[in-house]
Structures are given as structure tokens and as C-alpha cells.
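Okay, here's what each chain looks like letter by letter:
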Amino acid sequence: LVRLMNASRSPARRHAAAFALVEMMVVVAIVAIMLGVAGAFFKKGDGSSATRAASRELQTLVESARMRAMSSGNQTALLIHNKPDDDRYLHFVMVVERRAQNAESASSKDDAGTWEWVPVGNGSTLAQGAFYWPKEGVSYTEPFSAEGQFNLGTAFTGGKGDWIGLVCTPQGIPVGRSIREENPVFILARGEVSSSGLDVSPNDKYRCEAFMIQRSNGRIVPVESPVNQLQLD
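Note that the structure is a prediction, hence the values are computed from the model and not measured. (Residues numbered from 1 in each chain as written. Predicted model: local features only at pLDDT ≥ 70, side-chain atom pairs only at ≥ 80, totals over all residues. Heavy atoms only, no water.)

This part is about the overall build of the protein chain. When its secondary structure is counted, the protein chain shows three helices and twelve strands. The buried share of the protein chain, reckoned over its 233 residues, is 37%. The long-range share in the protein chain, meaning contacts at least 24 apart out of those at least 6 apart in sequence, stands at 63%. As presented, the protein chain carries roughly 13800 Å² of accessible surface, and 54% of it is formed by carbon and sulfur atoms. (Helix = DSSP H or I, 4+ residues; strand = E, 2+ residues; numbered from the N terminus. Buried < 20%, exposed > 50% of the residue type's maximum accessible area, 1.4 Å probe, protein only. Contact = heavy atoms within 4.5 Å. Areas by Shrake-Rupley, 256 points an atom, 1.4 Å probe, with all protein chains shown as cover.)

Structural data, given as C-alpha cells:
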């Protein structure tokens, strides 16, 4: 009787074991598919995540320049390196402050040699693979220049044009060397840099990030769908 009962259970056990094996194989297959999809997602998202991080960093530095200007009562400037034969090209950013050279010149007027631009902090490098995109006719590309002496070491060797500069008044309002009505627009993108500038592929163009700075109050406004709004071709 015992042998008969054991014999009757064996097919059921074999069926249960086979079913468990099938379930395990299905689960493994589902996990493999999910991992493959996730890997493709993250690989695709690399470009977007880098440009988003760069945009956040640049916005933070813009705000830092504005706050510094208001707290110090001096002009400040956000500078983006713009020298093609330098490895800092289009991805190194720094804030500088315009200060009187000495106590006596603090009350002097804006005479040549009375003021100097000094760095606030050590500067910042944008997220790896992301660059400021000086898109002609769209983004802010005004070269930085000013009277007086500079205290930035080799940063200014080569003259004006080596930096793209956004100057803030002591009230924290962004201005240019000449008053312009349009608001500055900053674009961040992935691409390949060369002596001719930043080359952005069609795919990377759709992953770019952009924001605008309102000249009236210094407010930072993200640009949604920059390819369409800014007509990036």
C-alpha cells in the first residue's frame, strides 16, 4: 500500500518540479528583458542627464554672480571660457568681481587702471560631455571686455574674446557692454569641439537644455522644447 501511494505521488511531484522550472525560466527571461530595456534607457539618457546637470550648474553660477553683486555693491560677471585651443573651451565657467585696486581708488571715478576683476572661487567645470553652445543668432555670445587691470593670472592672455561674459550691475541686473532689449539665452548641449566651435549632432540637438535670463529682474526662466522655441536648425 505504501509503495502504491508513493508511486501515485511521483507523477505529481515531477509535474510540480517541471512547472517550477518553467516558472523560473519565465522569471529569468522577464528580468533579462527588463535589464535590457533599462540599459537602453540609461544609455539613451546619458546625453540628457549631462546637459541637465550642466544647465543646473550654470544657472547656479548665474544666481551666484547676481547675489555677489548685490551683497558687495560691485559689478560681477559670469565668464565662460571661449578659447578654442584651450582644454577649458566652452565648459569652464567662473564668476569674477570688479573691485577697486586699493583704498584710495575706492572713492575714485572709473579711471583706467583703478579697478581690477578678481575671481570669486576657483571656477567650475560643467558636467562631463556637456558644453555651452554659443549658437549664433540665438544664445548669448557677447565677448567679455572691460577697462582696468585684471588679476586672473593667465586667464586673460589673448585679449577679449577669450571669454563670453554676462555682467551684472550692483543691483543684480544682467547687462551687456551695450544695452540690448533681448534677454540672454544660454544653451547647453553635447557635441564635439574644434577650432571652429561646437559641433552638435541632430540627435544631441534634441537633448539640449536652455534657459533665459530676464534683463528686467534677473529671473532665470527655463526654455521648454528649445529646438522648437529657439528654432535650432
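That was the structure; now back to the text.
What follows deals with the pattern of salt bridges. Under the defined criterion, the tally for this structure stands at five salt bridges. Arg68 is paired through a salt bridge with Glu97; the nearest N and O atoms lie 2.8 Å apart. Remark: Glu97 occurs in strand S2 (residues 92-100) and Arg68 occurs in helix H1 (residues 2-72); sequence separation between them is 29 residues. Taking the relative accessible area as the measure of exposure, Arg68 reaches 29% and is therefore partly exposed. In this structure, Glu97 engages Arg99 in a salt bridge whose closest nitrogen and oxygen atoms are separated by 3.4 Å. Judged by relative accessible area, Glu97 falls into the buried class, the value being 3%. Among the charged side chains, a salt-bridge network with shared partners connects Arg68, Glu97 and Arg99. (Salt bridge = Lys/Arg side-chain N within 4 Å of Asp/Glu carboxyl O.)

For the protein chain, the mean per-residue pLDDT works out to 78, and 65% of the residues sit at or above 70. Confidence drops under a pLDDT of 50 for residues 37-45, and excluding neighbours within four residues, the segment shows one contact in the predicted structure. pLDDT under 50 marks residues 105-109. Its contacts with residues more than four places away, or in other chains, come to seven contacts. (pLDDT = per-residue confidence, 0-100.)

Strand order in the open sheet formed by four strands is S4-S8-S11-S12, with antiparallel pairing between adjacent strands. Among the strands making up the open sheet, the edge pair consists of strand S4 (130-132) and strand S12 (220-222). Sheet twist, expressed as the average angle between the axes of neighbouring strands with direction ignored, equals 25°. Two elements, strand S11 (residues 209-213) and S12, share three bridges in a ladder whose sense is antiparallel. From the neighbouring strand, Met212 faces S12, where its bridge partner is Val221. (Pairing = 2+ DSSP bridges. Axes fitted to C-alpha atoms, helices over the stretch in contact; angles between N-to-C directions.)

With that settled, consider the packing of aromatic side chains. Working definition: an aromatic ring pair is given by the centre-to-centre distance plus the angle between the planes. Scanning the entire structure with this criterion turns up five aromatic pairs. The interplanar angle of 85° and the centroid separation of 5.1 Å between the aromatic rings of Trp117 and Phe144 together place this pair among those described as edge-to-face. Separated by 27 residues along the polypeptide, Trp117 in strand S3 (residues 115-125) and Phe144 in the loop between S4 and strand S5 (149-150) bring together distant segments of the chain. We classify Trp117 as buried; its relative accessible area is 2%. Looking at Phe144, the relative accessible area reads 3%, which means it is buried. (Phe/Tyr/Trp six-rings, centres within 6.5 Å; stacked < 30°, edge-to-face > 60°.)

Attention shifts here to the nonpolar core. Within the largest apolar cluster, 36 residues are counted, with the highest numbers of intra-cluster contacts made by Leu58, Leu78, Tyr132, Phe186, Ile187 and Phe211. Those elements that provide at least two residues to this core are H1, strand S1 (76-81), S2, S4, strand S6 (163-168), strand S8 (185-190) and S11. Those residues in contact with Ile187 that sit more than four places away from it in its chain are Phe131, Tyr132, Trp133, Lys135, Val138, Ser139, Cys208, Glu209, Ala210, Leu230 and Leu232. In terms of nonpolar packing, the next biggest core, distinct from the first, is built from ten residues, Ala77, Trp117, Trp163 and Val167 among them. (Core = buried A, V, L, I, M, F, W, Y, C linked by side-chain atoms within 4.5 Å.)

Turning next to unusual backbone geometry. Notably, Leu90 is not glycine yet its phi reads approximately 65°, a positive angle. With respect to the helices and strands, the residue Leu90 is situated in the loop between S1 and S2. The class for Leu90 is buried, based on a relative accessible area of 0%. Unusually for a residue other than glycine, Gln231 sits at a positive phi of about 55°. Among the secondary structure elements, Gln231 is positioned in the segment after helix H3 (226-229). When its relative accessible area of 65% is taken as the criterion, Gln231 is described as exposed.

With respect to the helices and strands, the residue Val200 is situated in the loop between strand S10 (197-199) and helix H2 (202-205). Residues contacting Val200, with those up to four places away along its chain left out, are Trp133, Ala189, Arg190 and Lys205.

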